[in-house]
Amino acid sequence: MANRQRDWRAITASLAFGLGVMSSAAAAMERVCFETSDNARLCYLERRLDDPAKPLLVFIPGWTMPATIWQRQLTHFAGRYPLVAFDPRGQGQSPAHPSGYTLERRVADIKELLERFPDRRVVLVAWSLAVLETLAYVAEHGEQRLAGLVLVDNSIGEGPDGPASTGPNPFFRELREQREATMRRFAAAIFRTPVDSGILDDVVTSTLQLPVEDSIRLLSYSRPRAFWRTAVHASKLPILYLVTPKWREQARLLTDQCPNAHAVVFNKAGHALFWDQATAFNAALDDFLGIRAGSGN
């Protein structure tokens, strides 16, 4: 516990960092780092708001991505909600640690992050790989701390299982043989709208922090698809599922079966839909917070 209480705070009001030059609202956030129970150093951006009626919005990026990729949401919600944008271990400002790239440890990292805000109800906004980690957190630790779940552009296990994959994963082979070129292609592919080269460079820098085998471990969680589906269906929380057309059928099945869930499909966005269609994404999240998550405006 003593390690978890130690932190380092850096005011970033006049510092531009991550994803090029951030907006003034996002740049005014405070960067905080703390030690986990396994001695990893984890960092997050924080903007406080002294309004106990408003839930804390905790943004968790996807595989190898930095917290600052949420800048269009941090700008939009600044001054209206308390905000945290998390850099998971080995991503963004959180340095790589020798171990901990398992689902169990990543869930523990989320738990220890939330323990730093004991008096706040939390809405978790999780993208891509973080969707699975968030559902695993709920399955293991329950919903007592939470006011809602926002699950962004990943499978939640709805629908029948597809055929089992066989043979070596070609993406893993590309990572091992041509990592930087592979990650540059990956980073460019998540955006559908034009992105400044400086932004892509910052994203790629984050993706290359982890040793390659640790990055592959993060894509190798062994839970069956039914685990994620069970976790979603067992939840009593308001759920917002924001996806690209790839997950349209899962969105339909979710809302057909779970009255606490609402879904929006973004037809003109890439995997980083919160960047490509930021206005529509923020409006959907605004509606969810004001109506379904019960925070008011």
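The coordinates are above.
Owing to the predicted nature of the structure, the values given are computational and were not obtained by experimental measurement. (Residues numbered from 1 in each chain as written. Predicted model: local features only at pLDDT ≥ 70, side-chain atom pairs only at ≥ 80, totals over all residues. Heavy atoms only, no water.)

Q: I would appreciate a short explanation of the layout of surface pockets in the present structure.
A: The gaps left among the atoms become clear once a water-sized probe is rolled over them. Here the largest pocket defines a volume of roughly 990 Å³. Along its surface, the largest pocket is lined by 29 residues, and Leu132, Asn154, Leu219, Lys246 and Trp247 are the ones closest to its centre. Those elements that place two or more of their residues in the lining of the largest pocket are α5 (129–141), α6 (170–177) and α10 (225–234). Looking at the lining of the largest pocket, the element that brings in the most residues is α6, giving three residues. Residues that form the lining of the largest pocket fall into these classes: 14 nonpolar, eleven polar and four charged. The volume enclosed by the second largest pocket comes to roughly 260 Å³. As for the second largest pocket, its lining consists of 16 residues, and the residues nearest its centre are Glu46, Arg48, Arg116, Phe117 and Arg120. (1 Å grid on protein atoms, 1.4 Å probe; cavity = no way out; pocket = protein on both sides within 12 Å on 5 of 7 lines; lining within 4 Å. Points joined across faces, edges and corners; volume = space filled by probe spheres on them. Helix = DSSP H or I, 4+ residues; strand = E, 2+ residues; numbered from the N terminus. Nonpolar A, V, L, I, M, F, W, Y, C, P; charged D, E, K, R; others polar.)

Q: What's the story with the pattern of salt bridges in this structure? I'm lost.
A: Oppositely charged side chains are able to pair whenever their charged atoms sit close together. For the structure on display, the rule yields 17 salt bridges. When the shortest N-O distance is used, the salt bridge between Asp38 and Arg105 registers 3.8 Å. Taken together, the residues Asp38 in the loop between β2 (30–35) and β3 (41–47) and Arg105 in helix α4 (residues 103–114) connect sequence positions 67 residues apart. Using a relative accessible area of 13% as the deciding quantity, one classes Arg105 as buried. Asp201 is the partner of Arg184 in a salt bridge, and the nearest nitrogen-oxygen pair spans 3.0 Å. Here Arg184, found in helix α7 (residues 179–189), pairs with Asp201, found in helix α8 (residues 197–207); they are 17 residues apart in sequence, far enough to count as distant. (Salt bridge = Lys/Arg side-chain N within 4 Å of Asp/Glu carboxyl O. Buried < 20%, exposed > 50% of the residue type's maximum accessible area, 1.4 Å probe, protein only.)

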